[in-house]
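# Chain and residue survey
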Amino acid sequence: MEAEGLGWLLVPLHQLVSWVAAGAMVFGGVVPYIPQYRDIRRTQNADGFSTHVCLVLLVANILRILFWFGRHFESPLLWQSIVMILTMLLMLKLCTEVRVANELNIKRRSFSDFDTHHFWHWSSFADYVQCVLAFTGVAGYVTYLSIDSALFVETLGFLAVLTEAMLGVPQLYRNYRHRSTEGMSLKMVLMWTSGDTFKTAYFLLNGAPLQFSVCGLLQVMVDLAILGQAYAFAHHPQKPAPHAVHPVSAKAL
């Protein structure tokens, strides 16, 4: 009798928890970029943030949306991809404007140049939009032709989550190359870690496709590696390089 009496409370409570979890999935992924966005606007310097993070997330979420057409998954994950794409475009717009304003070299680089040396380092936000639209069009057309192939659909889903799992790799590499995490928002990485942990638990508990869970675990490991870099570089900062005498060497630095 007591259990039946509590039933009227448990059912709406369970529904409320489900809604909160779904909302966290949709919008939780973009929260880590708020402090980084604010730091870039405040300092007018985007050097500490790798825009290849935006590239990884744009590719991953476009592929995930295409995967949905072949194999439907939870709606919050679909909406999460849409919200993330819009967020990454906003990040790219800000980073491009700041970088171009600070650049001494005023030579314009555009997507239509098809110069691989300057790929994803263009002078206008419109060029990034063109690239994203071109990729979406090609990937969408291939998906349309192969949507009846179960192997293609599963491979597409795996590529989507594997690409997303590589999210932190550009930042990890940038930190390693510069031997510093200066300019990188530590709050962003901490939010990455907590968000990816929550997301992976959500995948496991809700029976999401296996690819989602495996790559979620990989993503958490990359986040922890970046946190390890932040700790190591803070406690063992790189010693300043001695001044070079040769003019050519000085230019290389």
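Residues numbered from 1 in each chain as written. Predicted model: local features only at pLDDT ≥ 70, side-chain atom pairs only at ≥ 80, totals over all residues. Heavy atoms only, no water.

The name given to the chain in an unreviewed UniProt entry is Solute carrier family 66 member 2, and the organism recorded there is Mesocricetus auratus. Quoted verbatim from the Subcellular location (unreviewed entry) field of UniProt, the annotation for the chain is "Membrane". (UniProt positions renumbered as here; feature names shortened; annotations may be inferred.)

## Thoughts on the nonpolar core
Ranked by size, the top nonpolar core spans 57 residues in total, and within it Y33, F49 and W120 carry the most contacts. Every residue in contact with Y33, bar those within four places of it in the chain, is listed here: F49, V53, L57, M84, M88, M91, L167, M188 and W192. (Core = buried A, V, L, I, M, F, W, Y, C linked by side-chain atoms within 4.5 Å. Buried < 20%, exposed > 50% of the residue type's maximum accessible area, 1.4 Å probe, protein only. Contact = heavy atoms within 4.5 Å.)

## Some points on a nonpolar patch on the surface
A surface patch of nonpolar side chains, about 530 Å² in accessible area, is lined by L13, L16, V17, W19 and V20. Residue class for W19 comes out exposed when judged on its relative accessible area of 58%. (Patch = residues over 30% accessible without salt bridge, like charges linked within 9 Å, V, L, I, M, F, W, Y side chains within 5 Å. Areas by Shrake-Rupley, 256 points an atom, 1.4 Å probe, with all protein chains shown as cover. Salt bridge = Lys/Arg side-chain N within 4 Å of Asp/Glu carboxyl O.)

## Side note on the packing of aromatic side chains
Any two aromatic rings considered together are summarised by their centre-to-centre distance and by the angle between their planes. By the definition in use, this model includes ten aromatic pairs. Look at F67 and F73: their rings are 5.8 Å apart centre to centre, the planes differ by 25°, and that puts the pair in the stacked class. Across the pair, exposure class does not vary: F67 and F73 are buried alike. Ring geometry for F119 versus W120: centroids 6.0 Å apart, planes at 35°, classification tilted. In this structure F119 comes out as partly exposed when scored by relative accessible area, which is 40%. The exposure class of W120 is buried, given its relative accessible area of 2%. Taken together, the aromatic side chains of F111, F114, F119, W120, W122 and Y128 make up a single cluster linked through ring pairs. (Phe/Tyr/Trp six-rings, centres within 6.5 Å; stacked < 30°, edge-to-face > 60°.)

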